[in-house]
Amino acid sequence: MTTLTAEHLVKNYHLRRGLRGGTLRAVDDVSFTLEPGRTVALVGQSGSGKSTIAKLLLQLERPTAGRILIDGEPVQRRGGGLSRYRRTVQMVFQDPFASLNPYHTVEHHLERPIRLHQPKLSRDEVHRRVLHLLERVRLTPTENVAARRPHQLSGGQRQRVAIARALAPGPGVLIADEPVSMLDVSIRLGVLNLLATLQREEDLGVLYITHDLATARHFADEILVMYRGRIVERGDADEVILRPRHEYTKTLAAAAPNPERRLSELRGG
Amino acid sequence: MALTTHAAEPVGGTGGLPAGSAAQRTRRRRLGLPPMTAKLATGLIISGAILLFGLLGPFVVQDPTRVDDIGLTGPSSAHLMGTTQTGQDVLAQLAYATRGSLTIGAIVGVLTLLLSGFFGVVGAYAGGWVDEVFSLFTNIMLVIPGLPLVIVISSYVPDKSLWLVALVLSLTGWAGSARVLRGYTLSLRNRDYVLASRVAGEKRWRILTVEILPNLIPLLASQMVFAVIFAILGEAGLSYLGLGASGSISWGTMLYYAQNGLALRLGAWWWFVPPGLLLALFGAALSLINFSIDEIINPKLRNQTRAARRSWLMSRKQLETAKEATL
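Our subject in this report is the structure included herewith. In this text the structure is predicted, and so the values were computed from the model without any measurement.

**Details of the overall build of chain B**
At step 1: When helices and strands are counted, chain B shows 14 helices and 0 strands.
At step 2: Excluding contacts between residues fewer than 6 apart, the proportion of contacts in chain B whose partners are at least 24 apart in sequence is 70%.
At step 3: With an accessible surface of roughly 17800 Å², chain B has 67% of that area assigned to carbon and sulfur atoms.

**Looking at the layout of surface pockets**
At step 1: Considered as a void within the structure, the second largest pocket measures approximately 1200 Å³ in volume.
At step 2: Lining the second largest pocket are 28 residues; nearest its centre among them are Gln59(A), Leu60(A), Arg86(A), Arg198(B) and Arg204(B).
At step 3: Put simply, the parts of the chain that give the lining of the second largest pocket at least two residues each are strand E1 (4-17), helix H2 (79-88) and helix H3 (106-117) of chain A together with helix H4 (90-126), helix H8 (192-200) and helix H9 (204-240) of chain B.
At step 4: Here the element with the most residues in the lining of the second largest pocket is H2(A); it accounts for 5 residues.
At step 5: Of the residues in the lining of the second largest pocket, the class split is 8 nonpolar, 8 polar and 12 charged.

**A few points about the interface of chain B and chain A**
At step 1: Counting residues at the interface gives 21 residues for chain B, matched by 32 residues for chain A.
At step 2: In total, about 2400 Å² of surface goes out of reach between chain B and chain A, with carbon and sulfur atoms giving 56% of it.
At step 3: Applying the counting criterion to the chain B and chain A interface returns 1 salt bridge.
At step 4: One salt bridge in this structure joins Glu202(B) and Arg112(A), with 2.8 Å as the shortest N-O distance.
At step 5: Put simply, chain B and chain A have 9 residue pairs in polar contact (both at pLDDT 80 or more) between them.
At step 6: When residues of the side of chain B that touches chain A are traced back to their parent elements, those giving at least two are helix H1 (2-7), H8 and H9 of chain B.
At step 7: Broken down by element, the side of chain B that touches chain A gets its largest block of residues, 7 residues, from H8(B).
At step 8: Residue classes in the side of chain B that touches chain A are distributed as 10 nonpolar, 4 polar and 7 charged.

**Describing empty space enclosed by the protein**
At step 1: Taken as a whole, this structure holds 5 cavities of 30 Å³ or more when the rule is applied.
At step 2: Estimated volume of the largest cavity: approximately 110 Å³.
At step 3: Considering the residues around the largest cavity, the lining is formed by Thr39(A), Leu174(A), Ala176(A), Leu192(A), Leu195(A), Ala196(A), Gln199(A), Val206(A), Tyr208(A) and Phe219(A).
At step 4: Of the residues in the lining of the largest cavity, the class split is 8 nonpolar, 2 polar and no charged.
At step 5: What lines the second largest cavity is simply Asn101(A), His108(A), His109(A), Arg112(A), Pro113(A), Arg165(A), Tyr193(B), Ala196(B), Ser197(B), Ala200(B), Glu202(B) and Glu211(B).
At step 6: Mapped by element, the contributors of at least two residues to the lining of the second largest cavity are H3 of chain A together with H8 of chain B.
At step 7: Considering only residue class, the lining of the second largest cavity consists of 4 nonpolar, 4 polar and 4 charged.

**Side note on the sheet that holds strand E6 (residues 89-92) of chain A**
Residue and element names in this part refer to chain A.
At step 1: The 6 strands lie next to each other as E6-E7-E8-E3-E9-E10, forming an open sheet whose pairing is mixed. The open sheet has two edge strands, E6 and strand E10 (230-236), and neither has a second partner. Each strand of the sheet is rotated relative to its neighbour by a mean of 20 degrees, with strand direction disregarded.
At step 2: Bridge analysis of strand E3 (residues 39-43) against strand E8 (residues 205-210) gives 5 bridges, and the strand direction is parallel. By the bridge assignment, Ala-41 is partnered in E8 with Tyr-208.
At step 3: The strands that H2 touches are E6 and strand E7 (173-177); relative to E6, the one it contacts most, it runs at about 50 degrees.

**Notes on the pattern of salt bridges**
Residues and elements named next belong to chain A.
At step 1: Within the structure shown, the criterion is met by 16 salt bridges over all chains.
At step 2: For Glu-7, the salt bridge goes to Arg-67, with nearest N and O atoms at 3.2 Å. Separated by 60 residues along the polypeptide, Glu-7 in strand E1 and Arg-67 in strand E4 (residues 65-70) bring together distant segments of the chain.
At step 3: The exposure class of Glu-7 is partly exposed, given its relative accessible area of 27%.
At step 4: For Arg-67, a relative accessible area of 42% gives the class partly exposed.
At step 5: A salt bridge links Glu-202 to Arg-136; the nearest nitrogen and oxygen atoms lie 3.0 Å apart.

What counts and how
- Residues numbered from 1 in each chain as written.
- Chains lettered and ligands numbered in written order.
- Predicted model: local features only at pLDDT ≥ 70, side-chain atom pairs only at ≥ 80, totals over all residues.
- Heavy atoms only, no water.
- Helix = DSSP H or I, 4+ residues; strand = E, 2+ residues; numbered from the N terminus.
- Contact = heavy atoms within 4.5 Å.
- Areas by Shrake-Rupley, 256 points an atom, 1.4 Å probe, with all protein chains shown as cover.
- 1 Å grid on protein atoms, 1.4 Å probe; cavity = no way out; pocket = protein on both sides within 12 Å on 5 of 7 lines; lining within 4 Å.
- Points joined across faces, edges and corners; volume = space filled by probe spheres on them.
- Nonpolar A, V, L, I, M, F, W, Y, C, P; charged D, E, K, R; others polar.
- Buried area = accessible area lost by both parts, 1.4 Å probe.
- Salt bridge = Lys/Arg side-chain N within 4 Å of Asp/Glu carboxyl O.
- Polar contact = N/O pair within 3.5 Å; in protein donor to acceptor, adjacent residues only side chain to side chain.
- Pairing = 2+ DSSP bridges.
- Axes fitted to C-alpha atoms, helices over the stretch in contact; angles between N-to-C directions.
- Buried < 20%, exposed > 50% of the residue type's maximum accessible area, 1.4 Å probe, protein only.

Below you can see the structure in the form of structure tokens.
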């Protein structure tokens, strides 16, 4: 049971343009809470700061201002505290073709997090856990898949491996950065359903980062709409999609393909 | 899911080619070895032969320094490759010279690998001021003109050992490959899989050695091969100028003495052609190996032969099963 809270997060990047320096505010005063069993969707266009928030939450970047709290305690940035944090907060990356090391087997990718976080397990025990993880993400036959290298798997299969890797330490919070945007449309739903099932089984808090309003409404309980580093609208998923208040959310909703509206336009015109 | 798993099965393995060669090819690819092409085979055979000659030759030939009063004579049964002006056996000299040149090449290759790996890879991975300092140092070493420095050092030290020459050659030669390695490491360190292992909680040194380094192996190998060529040619150049290691025999010193003994004007081709030829052949062979390694780093250079392309096509039987699966 883990609650992850972001409080007034700010992230500035310094740009160098010749001699003049500039500051880019990628994330501007963002606060939200991830609770067990709930999905929060972060929606916004490219460059709106969604992935920067993911990097801040994973401690791959340091926030310029603001705090990240885990179960009410400020997160620790080194040593045993960081190791505990890594165990509880995990991530599924956007591009399954880039997030698996081409040199290593699937087994290596799953075995490392297990070993890191449970160093006392025997070799057999670790192997059994790897196979169990593969089974949970529906990659069978497990022995066969474990021995493969990433280039021998399809995009959807790789993303399942990435999900299994994120689940390996037994996390409480999962951050999914556009987990299906690089996948073929036909297998997106399968991967998303898998994520939803695993979330229910483990009672995970999920931050679902996406630019797709339809899947956000389908999977999330709460939607945050981001625009230029700020959260411009937040609320219950259906509420945000059906009755958008902010101008940007309306544009976003209007940009999504809507066959019924298009059909009525065709009939009318 | 069973369907996609099935589709991901490598199709090439069951194509028109005999199963043995396909399986072999898959194994080579898994080990990260370049595919065995004519280019690679030629390079390996030539360099292997020269290597064997350098390793075993000195055990079977005569004493390369023994002076005889027969003077400059052409190839005969007593001296298969003739003799030098002072009656020394050219074949014997060639065997020892090969050993000498290859030793220099090996030492410089390893030293260059270590230096460029340390300053290129570690600097780029550590980032921040470490990277700034390392890359500044690399750039300084890069603009120091190599050959003049080598000549100055060589003429300053009176009694030069083989190791000193090797050290000088590697000190002036590592900077270029360090820059290449730095560039590639900079791109690797921000790949998603490196971030993913940070998220998993891997230690920094482990990310460097286990996640990044294996992906650098082809590049390291090709840089090392280049360093070996550079060293052997550089040593030959130095020796030809009379600045090589004192008392050693290498392809360069052979050419130096042949030049001094007016071999060209006297038409004593058996004296200067063998070392020159071996020098050129070894350089060419290593370059051929290097081109094959380059094809792994940069798949765009791979030229698919017609046979390889044919193996991508599905056989009639596969087509039928595919049709059944879609119907």
